[in-house]
Amino acid sequence: MKFHESGLWDAPVLLLLPGTCCHWKKNFGPVLPMLNEHFHVVCASYDGFDETESTLFTTVTDQVEKIEAFVQKQFGGSIHAVYGCSLGGSLAGMLVERGNIRIAHAILGSSDLDQEEGLPARFKAWLIGRVLHGIMQKGRLPRWMQKRLEQKPPEQKVYMEKMLAMMGLLDGSMAFVKRASIRNQFHSDLITPLGLGIHAKGTTVHCFYAKKMGEEYLRRYRQHFAKPHIVEHDLLHEELLLCRPEQWVQEVCRATETDGKS
């Protein structure tokens, strides 16, 4: 696991956690220049998803432990904020629940917080691992997927194309990722429980709720966290980050009460 640092070295620390099967730079590259004006930014690069390492993603708990060790060593166990994109939101929630590091603001980026057990979880992880690995190897969608994409309304097609680009599925850049890393990431995320009514003294949990995902996800945020600050947008999953990056940065700064000063 690697950590890539940028921005203002004397500014509040913002830790960025990528989404499912995402490369750190593809996930956050478009917003890094703007974030760097306000924060000391640290991007986590998960095991198995960094081209400079020969590693395998094992479990989300393993990644959380490595993040905690890094924060303890590099920042004395305390950071200003963490933003978790999708899957990264689950990790952010685990960091708050475990309480091994101090975080003033934890932001979940329209995370689904899905949990499942047994054979269904193993089958989903196997299937998704097989499909995504094939796409990553070829650098293109299967014909039937491409046809369905072309049939989408223009605005939704743009969103889907940005999502695919964030995951690096269409340019061959993720061909180094092993199928086992994809499978392990999906499976461990599904089976690793997140507590209920999580509360950590001194931590505010912000949930960027993408309303078009459905009210089920809003209920989950309120179930898992004691007093979450809900930031609602009538958008799709991580559409704010993908399609409205300037607004996304403003929302992150507003949630973390950051103006670029330490």
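Description of the structure in this document. (Residues numbered from 1 in each chain as written. Predicted model: local features only at pLDDT ≥ 70, side-chain atom pairs only at ≥ 80, totals over all residues. Heavy atoms only, no water.)

Concerning the nonpolar core
1) Next: Core analysis: the largest hydrophobic core is formed by 81 residues, its most contacted members being L16, L17, F28, L35, I67, Y83 and W248.
2) Next: At six residues, the largest contribution of residues to this core is made by helix α4 (residues 87-98).
3) Next: Not counting chain neighbours up to four residues away, the residues in contact with L16 comprise F28, L32, L35, V41, V42, C43, A44 and Y83. (Core = buried A, V, L, I, M, F, W, Y, C linked by side-chain atoms within 4.5 Å. Buried < 20%, exposed > 50% of the residue type's maximum accessible area, 1.4 Å probe, protein only. Helix = DSSP H or I, 4+ residues; strand = E, 2+ residues; numbered from the N terminus. Contact = heavy atoms within 4.5 Å.)

A short note on the packing of aromatic side chains
1) Next: Inspection of every chain in the model, using the stated rule, returns nine aromatic pairs.
2) Next: Pairing F28 with Y83 gives two aromatic rings, centres 6.3 Å apart and planes at 85 degrees, and the pair type is edge-to-face. One end of the pair, F28, is in helix α1 (residues 24-28); the other, Y83, is in strand β4 (residues 78-85), with 55 residues separating them in the sequence. Of the two residues, F28 and Y83, both sit in the buried class.
3) Next: Here the aromatic rings of F49 and F57 are separated by 6.2 Å at their centres, their planes lie at 75 degrees, and the arrangement is edge-to-face. (Phe/Tyr/Trp six-rings, centres within 6.5 Å; stacked < 30°, edge-to-face > 60°.)

Examining the pairing of β4
Side-chain direction in a regular strand flips from residue to residue, so the side chains alternate between the two faces of the sheet.
1) Next: For β4, the tally of buried residues reaches six of eight residues, placing the bulk of the element in the interior.
2) Next: Pairing of β4 with strand β5 (residues 102-109) involves seven bridges; the strand directions are parallel. Bridge assignment links Y83 to a residue of β5, and that residue is I107. (Pairing = 2+ DSSP bridges.)

Quick look at the environment of Y159
1) Next: Its location among the elements puts Y159 in helix α7 (residues 154-166).
2) Next: In this view, Y159 contacts L236, H237, E239, L242 and C243; residues no more than four positions away in its chain are not counted.
3) Next: From its side chain, Y159 meets the backbone oxygen of H237 in a polar contact 2.6 Å long. (Polar contact = N/O pair within 3.5 Å; in protein donor to acceptor, adjacent residues only side chain to side chain.)

Some points on the packing of helix α5 (residues 118-138) against helix α8 (residues 179-191)
1) Next: Interhelical geometry of α5 versus α8 gives an angle of 145 degrees and a closest axis separation of 8 Å. Pair α5 / α8 crosses with right-handed handedness. Side by side, α5 and α8 meet where A121, R122, K124, A125, W126, I128, G129, R130, L132, H133 and M136 of the first sit next to R179, I182, R183, F186, H187, L190 and I191 of the second. (Axes fitted to C-alpha atoms, helices over the stretch in contact; angles between N-to-C directions. Left-handed = near helix turned anticlockwise from the far one by under 90°.)

Describing the pattern of salt bridges
1) Next: Within the structure shown, the criterion is met by 10 salt bridges.
2) Next: With its nearest N and O atoms 2.8 Å apart, the salt bridge here joins E68 to R98. One end of the pair, E68, is in helix α3 (residues 60-75); the other, R98, is in helix α4, with 30 residues separating them in the sequence.
3) Next: For E68, a relative accessible area of 5% gives the class buried.
4) Next: The partly exposed category is assigned to R98, whose relative accessible area is 33%.
5) Next: Ionic pairing is found between E232 and K211, a salt bridge with its closest N-O pair at 3.7 Å. Here E232 is found in strand β7 (residues 229-233), whereas its partner K211 is found in the loop between β6 (204-210) and α9 (215-224), with 21 residues between them in sequence.
6) Next: Since its relative accessible area comes to 44%, E232 is described here as partly exposed.
7) Next: You can call K211 partly exposed: its relative accessible area is 43%.
8) Next: Residues joined in a network through salt bridges with shared partners are D47, D62 and K66. (Salt bridge = Lys/Arg side-chain N within 4 Å of Asp/Glu carboxyl O.)

Quick notes on the sheet that holds β5
1) Next: Strand order in this open sheet of seven strands is β1-β3-β2-β4-β5-β6-β7, and the pairing throughout is mixed. The sheet is open, and its two edges are formed by β1 (2-7) and β7, each paired on a single side. Strand-to-strand twist in this sheet, taken as the mean axis angle between neighbours without regard to direction, amounts to 20 degrees.
2) Next: Docked against the sheet, α9 engages β6 and β7, running at close to 175 degrees with respect to β6.

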